[in-house]
Amino acid sequence: MSKKERISEFLVITFATVVCGAAVFFFLVPSHLTVGSSSGLAIVISEIVHLPVSIVTFLLNTGLLLMGFLLIGREFGAKTVYTSTLVPVVLWVLERIFPEQESIMGDPFLDMLCFLFVVGAGQAVLFARNASSGGLDVVAKLLNKFFHMELGKALSLAGMCVALSSAFIYDAKTVALSVLGTYLNGIVLDHFIFGFDQKRKVCILSEKVDELRTYILDDLHSGATIYEAIGAYDYVSRKELVVIVNKHEYPMLMAKIEKTDPKAFVTVYAVSSVTYQPKPKAK
């Protein structure tokens, strides 16, 4: 990676982390919501120890990072250290600028929804750069290492424990919103990470495979694979054409199939990620 690319990545990670910190300050803190994160836990603890959320978040993240370095080791890079340190700094700065910050939306439920979409976008950018905001990610990795728990389940478990911790301080409505927000956070994050670039795998059984193949190669400029498929009912051998298309190519392909062979048997699957080696261009 060149120096210019490193600087660009650093700026992007910084911006995404600032967005996550701002989402916590403007939406979680005023409504006392503890949507599963270290910042959410910090909101509960700050009510008990009467310290600013920024300081409690810093202490929590520092403790979790030390545990990560001691118990996990090299899995923790400079990016995690940087983002975990930057979040409480962002909170501290915002606390000084807006010392009496109140709920922007005026309703805890709306604050939760705004938080989910804003922080989801920020986290998606961080994950795309192989970074995270730290915090409960450390707990999830510890559960994964020592209890062989899947990372997704481990993160959900840690998040739910944090959300339920609000029961010691706040009313039932706040607890319910915190638990609901923790559950929805994973859904929203998946949407931001996978939803915008989701592709489709289209499997086509048709008598006009060759014509469809030509369209895919020459018009869509995509690749395809042809398999031999044998029907279980009549044992007749047929050709199955399999192609991966993006959201723009998909309606074009389906229109072509409908026009070329209305009787074609087509199955479609959602594909979240595709890894391949591009073919060299012909000279």
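Residues numbered from 1 in each chain as written. Predicted model: local features only at pLDDT ≥ 70, side-chain atom pairs only at ≥ 80, totals over all residues. Heavy atoms only, no water.

**Things to note about the sheet that holds strand E1 (residues 199–205)**
Here's step 1: Read from one edge to the other, the open sheet built from four strands follows the order E2-E3-E1-E4, with strand pairing classed as antiparallel. Only two strands of the sheet have a single neighbouring strand rather than two, namely strand E2 (225–230) and strand E4 (265–271). The sheet shows a mean angle of 25° between the axes of neighbouring strands, direction not considered.
Here's step 2: Of the pairings in the sheet, the one linking E1 to strand E3 (residues 237–245) comprises six bridges and is antiparallel in character. Bridge pairing in E3 places Val202 opposite Val243. (Pairing = 2+ DSSP bridges. Helix = DSSP H or I, 4+ residues; strand = E, 2+ residues; numbered from the N terminus. Axes fitted to C-alpha atoms, helices over the stretch in contact; angles between N-to-C directions.)

**Concerning the packing of aromatic side chains**
Here's step 1: Using the criterion set out here, one finds four aromatic pairs in the structure.
Here's step 2: Residues Phe10 and Tyr82 carry aromatic rings whose centres are separated by 5.2 Å and whose planes lie at 40° to one another, so their mutual orientation is tilted. Placement of Phe10 in helix H1 (residues 3–31) and of Tyr82 in helix H4 (residues 78–97) is noted, with a sequence separation of 72 residues between them.
Here's step 3: When its relative accessible area of 28% is taken as the criterion, Tyr82 is described as partly exposed.
Here's step 4: Consider the rings of Phe25 and Phe26, whose centres lie 5.1 Å apart with planes at 90°: the pair is edge-to-face. Grouping residues by exposure puts Phe25 and Phe26 together as buried.
Here's step 5: A network of ring pairs unites the aromatic residues Phe25, Phe26 and Phe98 as a single cluster.
Here's step 6: Of note, Lys201 hangs over the ring of Tyr269, and the distance from its end group to the ring centre comes to 6.0 Å. (Phe/Tyr/Trp six-rings, centres within 6.5 Å; stacked < 30°, edge-to-face > 60°. Buried < 20%, exposed > 50% of the residue type's maximum accessible area, 1.4 Å probe, protein only. Lys NZ or Arg CZ within 6 Å of the ring centre and 35° of its normal.)

**Notes on the side chain of Asn61**
Here's step 1: Along the chain, Asn61 falls in helix H3 (residues 53–71).
Here's step 2: Residue classification places Asn61 among the buried residues on the basis of a relative accessible area of 2%.
Here's step 3: With residues up to four places along the chain from it excluded, the contact list for Asn61 reads Ser38, Ser84, Pro88 and Gly135. (Contact = heavy atoms within 4.5 Å.)

**Some details on a nonpolar patch on the surface**
Here's step 1: A cluster of nonpolar residues, Ile48, Val49, Leu51, Ile55, Phe58, Leu59, Phe168 and Ile169, forms a patch on the protein surface that exposes about 750 Å² of accessible area.
Here's step 2: Those elements that place two or more of their residues in the nonpolar patch are helix H2 (38–49) and H3.
Here's step 3: With three residues, the top contributor of residues to the nonpolar patch is H3.
Here's step 4: Within the element layout of this structure, Phe168 appears in the loop between helix H7 (151–165) and helix H8 (172–195). (Patch = residues over 30% accessible without salt bridge, like charges linked within 9 Å, V, L, I, M, F, W, Y side chains within 5 Å. Areas by Shrake-Rupley, 256 points an atom, 1.4 Å probe, with all protein chains shown as cover. Salt bridge = Lys/Arg side-chain N within 4 Å of Asp/Glu carboxyl O.)

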